[in-house]
Amino acid sequence: MEMRELIGQFVERMQGLRHLMPILPDEQLCVRFESGDETMLLMVGKESAAVEAENDERKTLTVRGSKEALASLLNGELKLQQLVRLQEVHVSGSFRHLLLLESLLHLAKPYRHVG
């Protein structure tokens, strides 16, 4: 699956979850996902999330890794900190933004039936 599709699915899940509104920042945070030669920008904030928009470097969190690592992150299979510890992804930006992204990824994980 392409990174654009994975991020699109994540955005759809986030938009459907109203309990995420209190933790979303007032000003848009730009999350840049980089994998090889592919780069996708995700804008996260109180306004609806958007893919590919203008970005301010001061409010940018960059997540670099393989397509497989980013797919497992966006699908909720592994946590961001786990992937960082395993050296599968590299994150640059403020720690506060990293924690916010980690929280959003965890709270917007796809629901899986337990059976």
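Residues numbered from 1 in each chain as written. Predicted model: local features only at pLDDT ≥ 70, side-chain atom pairs only at ≥ 80, totals over all residues. Heavy atoms only, no water.

Caption draft 1: Here's a closer look at the nonpolar core. Among the nonpolar cores identified, the biggest contains 31 residues, and Phe33 and Val63 are the most heavily contacted of them. Every element with two or more residues in this core is listed here: helix 1 (3-16), strand 1 (29-35), strand 2 (38-44), strand 4 (60-65), helix 2 (67-74), helix 3 (80-85), strand 5 (89-92) and helix 4 (95-107). Counting residues per element, this core draws most heavily on helix 1, at six residues. (Core = buried A, V, L, I, M, F, W, Y, C linked by side-chain atoms within 4.5 Å. Buried < 20%, exposed > 50% of the residue type's maximum accessible area, 1.4 Å probe, protein only. Helix = DSSP H or I, 4+ residues; strand = E, 2+ residues; numbered from the N terminus.)

Caption draft 2: The arrangement of unusual backbone geometry in detail. Within the chain, glutamine 87 stands out as a residue other than glycine whose phi angle is a positive 60°. Considering the arrangement of structural elements, one finds glutamine 87 in the loop between helix 3 and strand 5.

Caption draft 3: Examining the environment of leucine 70 more closely. Counting through the fold element by element, leucine 70 comes out in helix 2. With 35 residues separating them in the primary sequence, leucine 70 and serine 35 have C-alpha atoms 7.9 Å apart. With sequence-adjacent residues up to four places away left out, leucine 70 is seen in contact with Met3, Phe33, Glu34, Ser35, Val63, Gly65 and Val89. (Contact = heavy atoms within 4.5 Å.)

Caption draft 4: Quick look at the side chain of glutamate 102. As for its placement among the helices and strands, glutamate 102 is situated in helix 4. It turns out glutamate 102 is buried and unbridged, and the closest side chain with the opposite charge, lysine 79, is 6.4 Å from it. For glutamate 102, the side chain forms a polar contact with the main-chain nitrogen of leucine 80, separated by 3.0 Å. Discounting residues that sit within four places of it in the chain, glutamate 102 has contacts with Lys79, Leu80 and Gln81. (Lys, Arg positive; Asp, Glu negative; His and termini not counted. Salt bridge = Lys/Arg side-chain N within 4 Å of Asp/Glu carboxyl O. Polar contact = N/O pair within 3.5 Å; in protein donor to acceptor, adjacent residues only side chain to side chain.)

Caption draft 5: Focus on the packing of helix 1 against helix 2. One can describe the packing of helix 1 onto helix 2 by two numbers: an axis separation of 10 Å at closest approach and a directional angle of 15°. Viewed along their axes, helix 1 and helix 2 adopt a mutual orientation that is roughly parallel. For the pair helix 1 and helix 2, the sense of crossing is left-handed. Here helix 1 contributes Met3, Leu6, Ile7, Phe10 and Arg13 to the contact with helix 2, which in turn contributes Leu70, Ala71 and Leu74. Residue classes in the contact of helix 1 with helix 2 are distributed as seven nonpolar, no polar and one charged. (Axes fitted to C-alpha atoms, helices over the stretch in contact; angles between N-to-C directions. Parallel < 35°, antiparallel > 145°, perpendicular 65-115°, else oblique. Left-handed = near helix turned anticlockwise from the far one by under 90°. Nonpolar A, V, L, I, M, F, W, Y, C, P; charged D, E, K, R; others polar.)

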